[in-house]
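Structural features, examined
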Amino acid sequence: MTQVDFHFNAPEKLPYVCRLLRKATGQGRKVGVLADQDTCHLLSQALWNLNPTDFVSHCSVRDSTHLLAHSSVIFSSDWAVLTQQSQIDVYLNMNDLAPENLTGVNRLIEVVGPEERDKASARQRWKQYAQLGFQINRFDLAAAGQNQAA
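Scoring rules and cut-offs
Residues numbered from 1 in each chain as written. Predicted model: local features only at pLDDT ≥ 70, side-chain atom pairs only at ≥ 80, totals over all residues. Heavy atoms only, no water. 1 Å grid on protein atoms, 1.4 Å probe; cavity = no way out; pocket = protein on both sides within 12 Å on 5 of 7 lines; lining within 4 Å. Points joined across faces, edges and corners; volume = space filled by probe spheres on them. Helix = DSSP H or I, 4+ residues; strand = E, 2+ residues; numbered from the N terminus. Nonpolar A, V, L, I, M, F, W, Y, C, P; charged D, E, K, R; others polar. Salt bridge = Lys/Arg side-chain N within 4 Å of Asp/Glu carboxyl O. Buried < 20%, exposed > 50% of the residue type's maximum accessible area, 1.4 Å probe, protein only.

With that settled, consider empty space enclosed by the protein. Counting across every chain of the model gives 1 cavity of 30 Å³ or more. The computed volume of the largest cavity comes to approximately 40 Å³. Around the largest cavity sit Leu20, Leu21, Ala24, Val31, Val90, Leu92 and Ile109, which together line it. The element best represented in the lining of the largest cavity is helix α1 (residues 13-26), accounting for 3 residues. Grouping the amino acids of the lining of the largest cavity by side-chain chemistry returns 7 nonpolar, no polar and no charged.

Structure (structure tokens):
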């Protein structure tokens, strides 16, 4: 069964996602990130700007097979291409819509900012995942007073 983790009220999404990716890859997980091309670029730049000791290896799904094999995070704006990467353990959706065809996806993470537009699209994704019978976990970063990735 697919597990979906919603991280709500992330005050600054990109820095939070960087911490989340650092934590996941530090646990040995390979993460596939679904986002539009601009967001992929911004997130890549943010990861390059982390402290050198916190480096998170990352690449685009369209890079060489050698780079794909040695990167902890793979970015793509194409869900079908991203899910063809069999070595990915967990997926992160940065889009307003839920990915289609979640067959074979064990874990999906959604990061939601405090903006009403972001919350509204997250509510729609939540409903869709619930209708599919997925296990949904909610992490409210504001209520927990968390500044770091859960």
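The next point concerns the pattern of salt bridges. What the rule picks out here adds up to 8 salt bridges. One salt bridge connects lysine 13 with aspartate 118, and the closest N-O pair in it is separated by 3.1 Å. One end of the pair, lysine 13, is in helix α1; the other, aspartate 118, is in helix α5 (residues 116-131), with 105 residues separating them in the sequence. The class of lysine 13 is partly exposed, set by a relative accessible area of 22%.

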